[in-house]
Amino acid sequence: MNTSDIMNLALEMSGLDKLPDDSEIYVQGDNIKKVLFSIDVNDADIMLAKNLGYDAVINHHPLASVTKAYNVFKDNVNLMVNAGVPEEAAKNAVHEKFEAAKISSQSQNYDKVVSVARLLNMPLMNIHQPLDEIGRSIMQNTVDNALKRNPNSTLKDITDALYTIPEFKRARTNIRILLGSGDTPAGRVYVSHGAYTNGGYDIANACFESGINTVIYIHISYADYKKLKSESKGNLIVTGHIASDCVGINPFIEKLRQHKIEVTGINGII
Ligand SMILES: [Fe+2]
Ligand SMILES: [Fe+2]
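Source: prediction; values computed, not measured.

(A) Fine view of the overall build of the protein. Of regular secondary structure, the protein possesses 11 helices and nine strands. On C-alpha atoms alone, the protein measures out to a radius of gyration of 19 Å, which is about the 18 Å that the 2.2 N^0.38 rule sets for 270 residues. The C-alpha extent of the protein, read off along each of the three principal axes, is 55 × 40 × 30 Å. Scored against the burial criterion, the 270 residues of the protein give a buried share of 51%. By sequence separation, contacts in the protein at least 24 residues apart represent 74% of the contacts at least 6 residues apart. Side-chain charges of the protein comprise 27 positive and 31 negative groups, with the mean position of each set lying 4 Å from the other.

(B) Structural detail: the environment of Leu63. Along the chain, the position of Leu63 falls in the loop between strand 3 (56-59) and helix 3 (76-82). Taking C-alpha positions, Leu63 is 7.5 Å from Asp111, a pair spaced 48 residues apart along the chain. Here Leu63 is in contact with Tyr26, Val41, Tyr110, Val113, Val114, Leu124 and Asn126, once residues within four sequence places are set aside.

(C) Structural detail: the layout of surface pockets. There is about 320 Å³ of room inside the largest pocket. What lines the largest pocket is a set of 15 residues, among which Leu16, Val72, Asp75, Asn78 and Gln129 lie closest to the centre. Listing elements by their share of the lining of the largest pocket, those giving two or more residues are helix 3 and helix 6 (129-149). By residue class, the composition of the lining of the largest pocket is four nonpolar, five polar and six charged.

Rules and cut-offs
- Residues numbered from 1 in each chain as written.
- Chains lettered and ligands numbered in written order.
- Predicted model: local features only at pLDDT ≥ 70, side-chain atom pairs only at ≥ 80, totals over all residues.
- Heavy atoms only, no water.
- Helix = DSSP H or I, 4+ residues; strand = E, 2+ residues; numbered from the N terminus.
- Rg over C-alpha atoms; globule rule 2.2 N^0.38 Å.
- Buried < 20%, exposed > 50% of the residue type's maximum accessible area, 1.4 Å probe, protein only.
- Contact = heavy atoms within 4.5 Å.
- Lys, Arg positive; Asp, Glu negative; His and termini not counted.
- Charge placed at Lys NZ, Arg CZ, Asp CG, Glu CD.
- 1 Å grid on protein atoms, 1.4 Å probe; cavity = no way out; pocket = protein on both sides within 12 Å on 5 of 7 lines; lining within 4 Å.
- Points joined across faces, edges and corners; volume = space filled by probe spheres on them.
- Nonpolar A, V, L, I, M, F, W, Y, C, P; charged D, E, K, R; others polar.

Here's what the structure looks like:
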């Protein structure tokens, strides 16, 4: 496989029909047999890959694609609409954080790791939204199945269902009920993940105001959490960033192995 074949495999698995703005091939490579897979690769890791004879490095989070990755945040609108949030409310909820991400994207040194890979001629790519989409659908399906088995599921039942996913069992972080308590009825549950970064206050608030009772984020800032807590409009479960990223990454690594590619996970692959 070459780097394009690998990217296409990720797109196919995720059901996305085009390459999103947060995923990119930076240094192309052919005949890839041995991959170093990371979540937050740095330049020393690129050197390590070279020294240990890897054919390519795949990173999860955006590298040079940070300059345009914020566009993916708008995909929250479709995800929310599919979950029953009115389109206008969904668009309004996305607006401010999109603008903030767009402005802060100017501040990043986008070439740091990529320039090292170029110099060492180490094939390098990052795959973000496709893998998060795989993880999102696994998490949402797990929640939906729990609610199908028991429509009166509590937040503890939802958390227990999520813990059947092996990455959450393995992680050093816990799944936390941040708003609500274990015996609170979960009601309608929406996993908000897979569109660049967490939706913060605005997206959770729009969900609550649209009749969704429980929002699941993989992480949230303390300021956004406090604001949601002060209004207590709904429940919030946070599953942990790295564990949740791995829920989507590991099935893809498994697929690469089925294609006879040797994969070593570092830097957050649990
Ligand atoms: Fe992710
Ligand atoms: Fe992430």
